[in-house]
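Listed below are the residues making up each chain.
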Amino acid sequence: MCTSYAAALALGVVAAALAARVSGPGAAPLAVLLVLFTPAVRRFATVVMSDLPAAALLALEVLLLTSSTAWPAVAAGALGGFLAWMRPPSIVYLLAGIAGLTALPERRDRVLRYLVGATPVVLLLGAWQWWLLGSPFITAYQAAGFNPLARRDLGAFFSPSWVWTRPAVDATWLEGPDFGGSAVAWGLPNLLVYPLQLVGADAFLLLPGIGVIGMIGLWRQARGTGAAGVFGRFGATLLVATLVLYLPYFYQSARFFLPAAVLLGVAAAGWVVEALRAAGSTARRAISAPP
């Protein structure tokens, strides 16, 4: 449990540093409040599960990618590869790192360094799975047949029908709403449950409305360059990749979206502070204007 609390503390520190780098120091305390003080983070800080440490490491990866120097991209890539060890589907999140780096003028050099960091870690994972399970493309969940059909093939884990029909398993069956959010008890398909949870409909991943503000913030930042552009493009790509990955997945739980919710909270803090800053500037100009 100490590890979980340490992961929550690390997540708060990284969220503050990321918000300060992207949106200025004023966004840091608000980012900590929006990211840490949610039912999801508070719950996962009390149990030994990989979700909270993975979210903290992914936030650290983004922080490294937004650095003004090039070499942290190598460490970011290594972190991205390590996340695939923690949860193999996270390998698709490497696409978010590449997308984020397109916001920089030296994008080719940064992407190359990122891949240099990620490639050996991913290859080592493949070698480990090959030695242990007989194939570099077979995960432990597949080998164990952890699905309602008890099969190893991906078709037993993913199906287009679970996008718009209730999936085979939801968190109310195994984990309860403490881990999956109360929305998993609503009997809705993934296509409805996950967007509702991301906008805060059950106030589990994010407080109501924060997700919407965060999505707008990511969209605004993704159009820019520099650190803000890296963060915005990374966050937007991560959100899309997570939806593509888990909408057709047989198991329904909000915890799969914890990393995306963290970045939405940081983005929301940045946009709120930016709006307040703009409002204050307008007010000062109005006061100083001659009558």
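Criteria and cut-off values
- Per chain, the residues get numbers from 1 upward, laid out in the order the sequence is written.
- Residues qualify for local features only when their pLDDT is at least 70, as the model is predicted, and side-chain atom pairs are given and counted only at 80 or more; totals for whole chains, interfaces and linings, by contrast, use all residues.
- Calculation of side-chain values draws on the structure's entire complement of heavy atoms; hydrogens and water are dropped beforehand.
- Each salt bridge in this description consists of a side-chain nitrogen of Lys or Arg and a carboxyl oxygen of Asp or Glu lying within 4 Å of one another.
- A helix here means a DSSP run of H or I that spans at least four residues, while a strand means a run of E at least two residues long, and both kinds are numbered starting from the N terminus.
- Note on classification: 1.4 Å probe, protein chains only; a residue is buried when its accessible area is under 20% of the maximum for its type, exposed when over 50%, partly exposed between these limits.
- Note on terminology: a nonpolar core comprises buried Ala, Val, Leu, Ile, Met, Phe, Trp, Tyr and Cys residues joined through side-chain atoms within 4.5 Å.
- Any two residues whose heavy atoms approach within 4.5 Å at even a single point are treated as in contact.
- Surface patches are drawn from residues lacking salt bridges whose relative accessible area is over 30%; two like charges belong together within 9 Å, two nonpolar side chains (Val, Leu, Ile, Met, Phe, Trp, Tyr) within 5 Å.
- For every accessible area listed, the method is Shrake-Rupley and the probe measures 1.4 Å; residues are considered covered only by the protein chains on display.
- Pairing of aromatic rings covers Phe, Tyr and Trp, the last counted by its six-membered ring, and requires centre-to-centre distances within 6.5 Å; plane angles under 30 degrees mean stacked, over 60 mean edge-to-face, and any other angle means tilted.

## Some details on the pattern of salt bridges
Any two side chains of opposite charge can pair, on the condition that their charged atoms come close. Taken as a whole and assessed by the stated rule, the structure comprises six salt bridges. Residue Arg113 pairs with Asp109 through a salt bridge whose shortest N-O separation is 2.8 Å. Taken together, the positions of Arg113 and Asp109, both in helix H7 (residues 107–133) and four residues apart, correspond to about one turn of that helix. With relative accessibility at 19%, the residue Arg113 sits in the buried group. Residues joined in a network through salt bridges with shared partners are Asp51, Arg87 and Arg255.

## Here we look at the nonpolar core
Of all hydrophobic cores here, the largest spans 80 residues; its most connected members are Leu11, Leu52, Leu205 and Phe231. Each residue touching Leu52, except ones within four places of it in the same chain, is listed here: Ser4, Ala7, Ala8, Leu11, Val41, Phe44, Ala45 and Leu258.

## Some points on a nonpolar patch on the surface
Judged by side-chain polarity, Phe82, Trp85, Leu124, Trp128, Trp131 and Leu132 come together as a nonpolar surface patch covering roughly 690 Å² of accessible area. When contributions to the nonpolar patch are tallied by element, the ones reaching two or more residues are helix H5 (72–86) and H7. When residues of the nonpolar patch are assigned to their parent elements, the largest contribution, four residues, is made by H7. Within the element layout of this structure, Leu132 appears in helix H7.

## Let's talk about the packing of aromatic side chains
Applying the stated rule across the entire model yields 13 aromatic pairs. A ring pair is formed by Trp162 and Phe250, whose centres lie 6.4 Å apart and whose planes are at 55 degrees; its orientation type is tilted. Of the two residues, Trp162 sits in helix H9 (residues 161–164) while Phe250 sits in the loop between helix H14 (226–246) and strand S2 (251–252), which places them 88 residues apart along the sequence. Here the aromatic rings of Tyr246 and Phe256 are separated by 4.3 Å at their centres, their planes lie at 5 degrees, and the arrangement is stacked.

## Section: unusual backbone geometry
The phi dihedral of Ala203 is positive, around 50 degrees, even though this residue is not glycine. Along the chain, Ala203 falls in the loop between helix H12 (190–198) and helix H13 (210–222).

## Section: the side chain of Thr66
Structurally, the position occupied by Thr66 is in the loop between helix H4 (51–65) and H5. Overall, Thr66 belongs to the buried group, its relative accessible area being 6%. Non-local contacts of Thr66, meaning those with residues more than four positions away in its chain, are made with Leu18, Arg21, Ala227, Val230 and Phe231.

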